[in-house]
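Observations on chain architecture
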Amino acid sequence: VFATDYANTGTYSIGTVSLPGTTLTNTGSLTTTTAVTGAGSLVQGTGGVLTITSATLGDIANFDFSTNDNTVNYAGSVAQTITDTTYRTLAINNSNAAGAALASSNVSVGVLEIGGTSSSALFDAGAYTFASAGTLNLLQGTYKFQTAAFADFDTINISAGSTVEYGGEQTVTYGQLLDEARA
């Protein structure tokens, strides 16, 4: 329980994070192993890395993952649901067959990075698209979707050995597609 405002600049793995009206600002590396709760605020500062290993981020009243240059990393060994918000960098590095999934079309990303540290990473957009999307970096692992069109990223980088899994009939429109095997 964070009874007062706190600015994290270190590297911590915390089981229970409760913010009862307080603000936790993360400019270090913070791993949460259970859902974050409370009436407070979780702010990702410049350079901060927040790794979520639980099924969801939790039931926190306020969070800011978009103002500063930071990364929110879904890296659980359980099925994960991505919180509806705007992310500067959303990283998917999970290690389970269910992956990390969108629960709505209310997610915006500056950068979506899949498989930066996990070759089995799975991102499942399901029937949803992003509210807005900048760059897709599919480094390894799988991007899976079932909408009529692939998300409209400004830039798409797909590395050799990674997978885009289409479900049903889709129209694919790319802003820029880079094939690293031919580059």
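The notes below deal with the structure included here.

The rules we used
Residues numbered from 1 in each chain as written. Predicted model: local features only at pLDDT ≥ 70, side-chain atom pairs only at ≥ 80, totals over all residues. Heavy atoms only, no water. Helix = DSSP H or I, 4+ residues; strand = E, 2+ residues; numbered from the N terminus. Contact = heavy atoms within 4.5 Å. Areas by Shrake-Rupley, 256 points an atom, 1.4 Å probe, with all protein chains shown as cover. Pairing = 2+ DSSP bridges. Phe/Tyr/Trp six-rings, centres within 6.5 Å; stacked < 30°, edge-to-face > 60°. Core = buried A, V, L, I, M, F, W, Y, C linked by side-chain atoms within 4.5 Å. Buried < 20%, exposed > 50% of the residue type's maximum accessible area, 1.4 Å probe, protein only. Axes fitted to C-alpha atoms, helices over the stretch in contact; angles between N-to-C directions. Polar contact = N/O pair within 3.5 Å; in protein donor to acceptor, adjacent residues only side chain to side chain.

Of regular secondary structure, the protein chain possesses zero helices and 19 strands. For the protein chain, the spread of C-alpha atoms along the three principal axes comes to 50 × 30 × 25 Å. Across the protein chain, every contact between residues at least 6 apart in sequence was considered, and the portion connecting residues at least 24 apart equals 19%. Accessible area of the protein chain: about 8000 Å², with a carbon and sulfur share of 48%.

All right, on to the pairing of strand β7 (residues 49-52) then. Pairing of strand β5 (residues 29-32) with β7, which is carried by four bridges, proceeds in the parallel orientation. Residue pairing across strands places T31 opposite T51, the latter belonging to β7. As paired strands, β7 and strand β9 (residues 71-74) are joined by four bridges and run parallel to one another. What sits directly across from V49, in β9, is T71.

The description of an aromatic ring pair uses the distance of the two centres, along with the angle that the planes make with each other. Here the structure, examined in full by the defined rule, presents ten aromatic pairs. Ring-pair connections join several aromatic residues into one group, and the members of that group are F123, F130, Y143, F145, F153 and Y166.

Moving on to the nonpolar core. Residues Y74, I82, L112, F123, F130, Y143 and F153 are the most contacted members of the largest nonpolar core, which totals 39 residues. Ignoring anything within four residues of it in the chain, the contact list for F130 reads L102, S105, V107, V109, L112, F123, Y143, A151 and F153.

Here five strands make up an open sheet; going across it, the order is β10-β12-β14-β16-β18 and the pairing parallel. Each edge of the sheet is formed by a strand with only one pairing partner; in this case those strands are β10 (80-82) and β18 (163-166). Here the strands of the sheet are splayed against their neighbours by 20° on average, with no regard to which way each runs. Bridging between β10 and strand β12 (residues 100-102) involves three bridges; their strand directions are parallel. The partner of Q80 across the bridge, within β12, is A100.

Moving on, we get to the side chain of N137. With respect to the helices and strands, N137 occurs in strand β15 (residues 132-138). Note on N137: relative accessible area 18%, which makes it buried. Polar side-chain contacts of N137 include one of 2.7 Å to the side chain of N157. Residues in contact with N137, not counting those within four places in the same chain, are V111, L112, E113, I114 and N157.

Now for the pairing of strand β6 (residues 36-44). Pairing analysis gives two bridges linking strand β3 (residues 17-18) to β6, with the strands arranged parallel. Opposite S18, over in β6, you have T37 as the bridge partner. Where β6 meets strand β8 (residues 58-64), six bridges bridge the pair, whose relative direction is parallel. Opposite S41, over in β8, you have N62 as the bridge partner.

A few words now on the side chain of N73. Checked against the element boundaries, N73 lands in strand β9. When residues no more than four places from it in sequence are discounted, the contact partners of N73 are L50, T51, I52, A91, I92 and N93.

Attention shifts here to the environment of G134. With respect to the helices and strands, G134 occurs in strand β15. In this structure the C-alpha to C-alpha distance between G134 and I52, which are 82 residues apart in sequence, comes to 22 Å. Other than its neighbours up to four places away in sequence, G134 contacts V109, G110, F153, D154 and T155.

Relative to the assigned elements, T22 resides in the loop between β3 and β4 (23-26). The exposure class of T22 is buried, given its relative accessible area of 6%. When the C-alpha atoms of T22 and A3 are compared, they prove to be 6.6 Å apart, with 19 residues separating the residues in sequence. Beyond its immediate chain neighbours, meaning those up to four positions away, T22 contacts F2, A3, T4, D5, G40 and S41. At a separation of 2.8 Å, a polar atom in the side chain of T22 contacts the main-chain carbonyl oxygen of F2.

None of this, on its own, says anything about what the molecule does.
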